[in-house]
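# Analysis of the macromolecular model
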Amino acid sequence: IQAGVFVFVGVAFWLIGSRIRIGQMQAGAHAWERSLESMNVGIALYDREDQLLNCNAAFRALYPEVAHLLVPGARFHDVATEYYKLAPADVINGQSLEQYLAEVGRRRSGSEVTEVIRHHHGRWLLTTDCRMENGGIISFRREVTEQKRIEHELSKRRKLIDEASAKYRVGHETSATV
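First, a word on scope: everything that follows refers to the structure included in this document.

About the cut-offs
- Residues numbered from 1 in each chain as written.
- Predicted model: local features only at pLDDT ≥ 70, side-chain atom pairs only at ≥ 80, totals over all residues.
- Heavy atoms only, no water.
- 1 Å grid on protein atoms, 1.4 Å probe; cavity = no way out; pocket = protein on both sides within 12 Å on 5 of 7 lines; lining within 4 Å.
- Points joined across faces, edges and corners; volume = space filled by probe spheres on them.
- Helix = DSSP H or I, 4+ residues; strand = E, 2+ residues; numbered from the N terminus.
- Nonpolar A, V, L, I, M, F, W, Y, C, P; charged D, E, K, R; others polar.
- Pairing = 2+ DSSP bridges.
- Polar contact = N/O pair within 3.5 Å; in protein donor to acceptor, adjacent residues only side chain to side chain.
- Contact = heavy atoms within 4.5 Å.
- Core = buried A, V, L, I, M, F, W, Y, C linked by side-chain atoms within 4.5 Å.
- Buried < 20%, exposed > 50% of the residue type's maximum accessible area, 1.4 Å probe, protein only.
- Arc of directions from axis to C-beta.

### So, the layout of surface pockets
- Roughly 450 Å³ of volume is contained in the largest pocket.
- Contributing to the lining of the largest pocket are 25 residues, with Y83, Y100, V104, R107 and I117 lying nearest its centre.
- Those elements giving two or more residues to the lining of the largest pocket turn out to be helix 3 (76–86), helix 4 (89–92), helix 5 (97–107), strand 3 (112–118) and strand 4 (124–131).
- Looking at the lining of the largest pocket, its residues break down into 14 nonpolar, four polar and seven charged.

### Considerations on the pairing of strand 3
- Here strand 3 runs beside strand 4; their pairing, made up of seven bridges, is antiparallel. Within strand 4, the residue paired with E112 across the bridge is C130.
- Between the antiparallel neighbours strand 3 and strand 4 lie five residues, among them H121 with a positive phi of about 60°.

### Overview of the pairing of strand 5 (residues 137–143)
- Two strands pair when backbone bridges link them, and strand 1 (residues 42–46) and strand 5 are joined in this way by five bridges, in the antiparallel orientation. When the bridges of strand 5 are listed, I43 appears paired with F140.
- With antiparallel pairing between neighbouring strands as the criterion, strand 4 and strand 5 make up a hairpin whose turn holds five residues, including G135 at a positive phi of roughly 95°.

### What to know about the side chain of R123
- With respect to the helices, strands and loops of the structure, R123 is situated in the loop between strand 3 and strand 4.
- Of note is the side chain of R123, whose polar atom sits 3.3 Å from the side chain of E143.
- If we skip the residues at most four places from it in the chain, R123 touches L62, I117, R118, E143 and T145.

### Considering the nonpolar core
- Ranked by size, the top nonpolar core spans 24 residues in total, and within it Y46, L52, F59, Y63, L70, Y83 and Y100 carry the most contacts.
- Contributing elements (two or more residues each) for this core: strand 1, strand 2 (52–55), helix 2 (57–62), helix 3, helix 4 and helix 5.
- Dropping the residues within four chain positions of it, L52 is found in contact with A44, L45, Y46, L70, V71, P72, G73 and A74.

### Examining helix 5
- Those residues of helix 5 that sit buried are Y100, L101, V104 and R107. Taken down its axis, helix 5 places every buried residue within 120° of arc, on the same side.
- Here the buried face of helix 5 lies against helix 3, helix 4, strand 3 and strand 4.

### Examining the environment of V71
- Secondary-structure assignment places V71 in the loop between helix 2 and helix 3.
- Judged by relative accessible area, which is 42%, V71 ranks as partly exposed.
- Residues V71 and N54 lie 17 residues apart in sequence; the distance between their C-alpha atoms is 6.6 Å.

Structure, rendered in structure tokens:
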């Protein structure tokens, strides 16, 4: 009987300890999920078969045309095909479906590919797709429209400065030879 009591008490302590550890693990997982959801960077995680495991709200918000498809188990190819059908012409840039799928596939083919791409409504996205050790992909998306606008403005100003400098040199050289 004493051995049975010891076994019972031992099992009870093991169960209580297991529940505490499970509770701590669940709390950590919830904290991690809340932190990903609170970010303004879109994050999506795909398995090695290119099926979506999960993505945060910021990622879905960048793709409102297909947000309803961005659910666990969705195949990347299927979502990209549907996006192609619904995306504005300036995003597709005259590409056929096959060309578009090859382009988005190219971004996912290396160990890490980072690019700035045109998005709809004149917006620009910084995209990074990283191949993980297990063959899956983690995708990051961040809107960089303001940075792109600043770059464009700086480029225009640089061109004006270069043109003014060239005119000055020509004018200066002409007056020096007279």
